[in-house]
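Here are the chains, one letter per residue:
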Amino acid sequence: MSEERAPAVSVLLATAAAVLCVLADAPQPLRALVIGIFMLVVPGAAVLLWTRGWPPLVVTTAVLSASMAIDVLLSTALFYLGWWSPTCVLLLLTALCTACAAARLRAPDRMEKA
Amino acid sequence: MSRPDKTMSGAGADLLPWTRGPAARGSSIGPGPSGPAHGRSGVDAPAGARRRGRTAPQHLAPVASEPWTRGSTGLHDRGPQWWWTQASSVGLLLSAGTALAVCAVQGVPGPTDTGLVSVLPLSFWLTVALLLAGITISVWSVTPQPWFAAAHVTVLVIAVYGVGMFGTPYPRGTVPWRHVGVATELVTSGGVDPTIDAYFGWPGFFAMLASFTGMAGLADGQALMRWAPVVNELLLLPPLLVLFHALTRDVRVVWSAITVFYLANWVDQDYLAPQATSFFLYVAVLGLLLTFLRPTRAHLRSPRGGGPIAVIGRLVRGSGPQGDPRGPVPPPSQGAATILVLAVGVTAAVIAMHQLTPFAFILAFVALAVGQRTPVRGLPLVTGTLVVLWLTLAAAAYLQGNLGELLAGVGDVAGAAQGGLVERIQGSPGHLLVVRGRLLFSVVIWGLAGLAVLVHYLRGRRDTTAVLLLGSPAVLFGMQSYGGEMLLRIFMFSLPFAAFLAMQLLPRASTASRRRAAGALFLTGTLLLTPSFVLVHYGNQLLDQRSAAEVEAIAELYRLAPPGALLVAGNDNTAWRWTEYGEHRHVTLERVMAEDEPQDAAAVVRLLSDQLLELPDGGLVLLTQAHLDYERLLGRRTSYSVEEVQRVLLTDDRFTVLYRRDNAVIAQARGPRT
C-alpha cells in the first residue's frame, strides 16, 4: 500500500470499525471510545483526503474542526428534518467517509497540492 | 491525507515543528539571513519556491527553516547538554506523574470558602512545580525540545484541570447536567422545539451529543460530564500550537504562551457545553486562517487610497514594521481554498451551536480584514449572513418571545458592568477574596499583554494580528450582559492572544545568559501564577462540587414527581434537569416568589403551598445543602433564607415531607388542589 493511499485506507478501516462496534453491540467503554474517535476524526479526515503537504499539526487541527463541524451540521439537520436516529447518523457518516475514501483511492493523481 | 512532502525539509525529515536541523540548533528559532538574531522579523519566501529549489525573489527575505519542516538531528550531533536536557525532562516528567498519581489516590479534602487553594495536598503543588520545571528545561534549554514540552504540558493540563475531580465521582458544576438533559430531550422528542428555551434555538452541540450517545449505546451523556474539562482543554492544544506558530517563529514563545494560557484560563467554560466546543473551533479557524490565508508583501504595504476602510486600515496597521508573518506563506492555490471552505463550514456549525461565539467570529474576521492581516475580506459578510439566516429561521421562535429582553442590553455598558462586576462582588469573605482575585487576575493578564504591546510599539515594532484579536472581543461588552458573564467570555476569547503577547516580555534568547534569565523568569512567573489560578479557577469549588446526598435527592425528586409537576429548587445551585427536561417546569424559589415579595420564611411556605395547590399537576419542593452553601457563600438577595424556609417547611402542616436525608428535603404541598 502506497503512502498516498494509506490515509484513505485508514478512513475506510476506521469507518468499518465504528460500524462493526455498533452492529456487534461492542461492550463499553470500547464502543464509546471507538465511536468517539470516529466522530472526532474520521469525517474530517475523509473530506480532507485531498490535501497534501500540510504540516501534521495543521492536519490535526483541520481534521478535528472539520469532523466536529460535520457532526454538528449533520445531526442538527436530521433533527430539524425529523429524520434523526443514531442509525441514520451512522449511515450518513459512513456513506460520506466511504465515498470520500473511495474517490480518493480512485483518483490519486488529481489531489490538491499544498 | 498524504504525508507532507519530504523534499521540503531535506534528508531525515521529521515534519514536526520541534525537530530541527543542526544549523538551527544554536538558536532553535533559526535566524534568517536578514533577520535579527531572534529570527522574529522578515517575510517568508513562498514555500513553493523553497521546495522547488528556486531562488526566492530579491525583495523577499529567504526564510529560515520553517517550524514544520526542520530536519531532525542525528544522535551523533548531540552533546552533553542535549543529553542532560533529555534526562532532566524525562526525570521531571516521571516524578511529576508519580506525584500526580499520589494526589489522585489521596483525593482532595472538602473545599472551603476559597475553594481548593487552601486544601490541596502537597503532592499536587509538587506535581505542578516539577512539570513547570520540566517545561522550562524543555523550552529554554539551548535546543528546545518541543516533544518534552508537549508531554509536560499535557500532564500539567490533566493535573490542574483534573484535580477538581479527584475524590469525587461527579462532575463539577450544575450546568453539565442540564446539557445532558437537553440532548436527551432532543432524542425523546425526535425533533427541535425552539419554544422550550434558548438551548433549542441553538441545538447543534446537543444534536451532536445525542448522535454520539445514540451510536455509542449510552443512555445519555452523563459519562462524558466528569472529564469533559480535561478533554476539552487537551483538545485545545493542537489549534493553539497552529495559532501561535502562525504568529511567531520563536518556538520558546509558542510553548511559553501555551503554558501561560493553560495557567490563566480560569473562566471555567470548558465543561460539557456548546461554548467549549465553539471556543475550540474559534481558535482552530483563526489558527488555520492565519496559517494559510496570510497577507502577501502587497498586503503588508500600507493601504493606499481613500475610503473609510483604507483609512482605518492605515490607523490600525501603523507605519512600523509588522511583526512576523511567521510560518509558511503558501500561494493561494496551496490549501487556501480548502481552508476557506472549512472556515465557512465550521462557522456555520458554530452558528448552529452557540449564541455568542458567532459574533466573536465576526468581530475577529472584521479585525483581520481591516488590519489587512488576511487577504480574505468576505468572511465577515458571509458569517453575518449565516447568522441572520439562522436567527430568522431556526431561532425565530425563541427571538419572538425574548427579543425585547435581548435588545434591552445592547449598548448598555453600565448594565453589563453591573451584571459582570458589581453584582458578583458580594458574599462571604472567602468568596469576596475569590471574586476580587478573579478581577485582579484578569487585569494582570491583560495588563501584561498591554505592556508588551507598549514596549514593542516604543521599539518600533507592531504585533498587529495579536493585538487585533486581543481587542476584537471587547466589542461584545456593549452588546449584552449575557447573564452577567460577558466579561468572562471576553476574557476567554482574548486569552490566547493575551498569553502570546505577555510572553513577548521575556528576554530574547540571543545569548546564553539572556536565555537563562528568560527561563528563570518564566519558571518564577508560572510558579507564582499557579496558586493564583487555583484560587480563581477553583474558588467556587464549594458550590461546584456535587455531593452524593444531592445527586441521590435529585434522582429521588424525579422518581417522585408526577408528570407535568412544577419542581421548585432552593436556588440555581441545583444539578438537575438531566432527565425529564420537557416534562416539568423547573424554577427556583426566588422565581416563584418574585411577584409576591414575602417578608419571611413563614410567608414563603404559605405562598408556596397556595401556588402549588393551584396547579393541576401539583409540584414538589427540593432543598439541599448545596442551596444553603450557595446562599452562605454568595450572599442572600431576598428577605428570607433557604435555611429558614427549610426549617419552617419541615414543621409546617401545609407540606408533607416525602424525602429527607443528609440535609436534603423533598416536600409536597398537602391538601386538595383547587
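Draft legend 1. Quick look at the sheet that holds strand 1 (residues 566–569) of chain B. Residue and element names in this part refer to chain B. Spatial ordering of the open sheet is given by 2-1-3-5-4, a layout of five strands whose pairing is mixed. Both edges of this open sheet fall to strand 2 (585–588) and strand 4 (655–661), since each of them pairs with a single strand only. Adjacent strand axes in the sheet meet at a mean angle of 20° when their direction is disregarded. The pairing of strand 1 with strand 2 spans four bridges and is parallel. Looking at strand 2, one finds that alanine 569 is bridged to threonine 588.

Draft legend 2. Quick peek at the nonpolar core. Counting 203 residues, the largest nonpolar core has B:Phe124, B:Phe244, B:Trp255, B:Ile258, B:Tyr262, B:Tyr282 and B:Leu286 as its most contacted members. Element by element, the count of residues in this core is highest for helix 3 (residues 56–81) of chain A, at 14 residues. Other than its neighbours up to four places away in sequence, B:Tyr262 contacts B:Val153, B:Val157, B:Tyr161, B:Glu233, B:Leu234, B:Leu236, B:Leu237, B:Leu240 and B:Phe533. Counting 23 residues, the second largest nonpolar core, distinct from the first, contains B:Leu566, B:Leu589, B:Val605 and B:Leu608.

Draft legend 3. Local environment of the pattern of salt bridges. Residues and elements named next belong to chain B. Under the defined criterion, the tally for this structure stands at eleven salt bridges over all chains. Arginine 172 is the salt-bridge partner of aspartate 544, the closest N and O atoms lying 3.2 Å from each other. Separated by 372 residues along the polypeptide, aspartate 544 in helix 23 (residues 541–544) and arginine 172 in the loop between helix 4 (146–162) and helix 5 (175–189) bring together distant segments of the chain. Like aspartate 544, the residue arginine 172 is buried in the burial classification.

Draft legend 4. Structural view of the interface of chain A and chain B. With 50 residues of chain A at the interface, the matching set in chain B holds 58 residues. Together chain A and chain B conceal approximately 4,300 Å² of surface at their shared face, both sides included; 76% is due to carbon and sulfur atoms. In terms of surface lost to chain B, no three residues of chain A exceed A:Leu57, A:Phe79 and A:Tyr80, which account for 16% of the buried area on that side. At the boundary of chain A and chain B, one finds six residue pairs in polar contact (both at pLDDT 80 or more).

Basis of the calculations
- Residues numbered from 1 in each chain as written.
- Chains lettered and ligands numbered in written order.
- Predicted model: local features only at pLDDT ≥ 70, side-chain atom pairs only at ≥ 80, totals over all residues.
- Heavy atoms only, no water.
- Pairing = 2+ DSSP bridges.
- Helix = DSSP H or I, 4+ residues; strand = E, 2+ residues; numbered from the N terminus.
- Axes fitted to C-alpha atoms, helices over the stretch in contact; angles between N-to-C directions.
- Core = buried A, V, L, I, M, F, W, Y, C linked by side-chain atoms within 4.5 Å.
- Buried < 20%, exposed > 50% of the residue type's maximum accessible area, 1.4 Å probe, protein only.
- Contact = heavy atoms within 4.5 Å.
- Salt bridge = Lys/Arg side-chain N within 4 Å of Asp/Glu carboxyl O.
- Buried area = accessible area lost by both parts, 1.4 Å probe.
- Polar contact = N/O pair within 3.5 Å; in protein donor to acceptor, adjacent residues only side chain to side chain.

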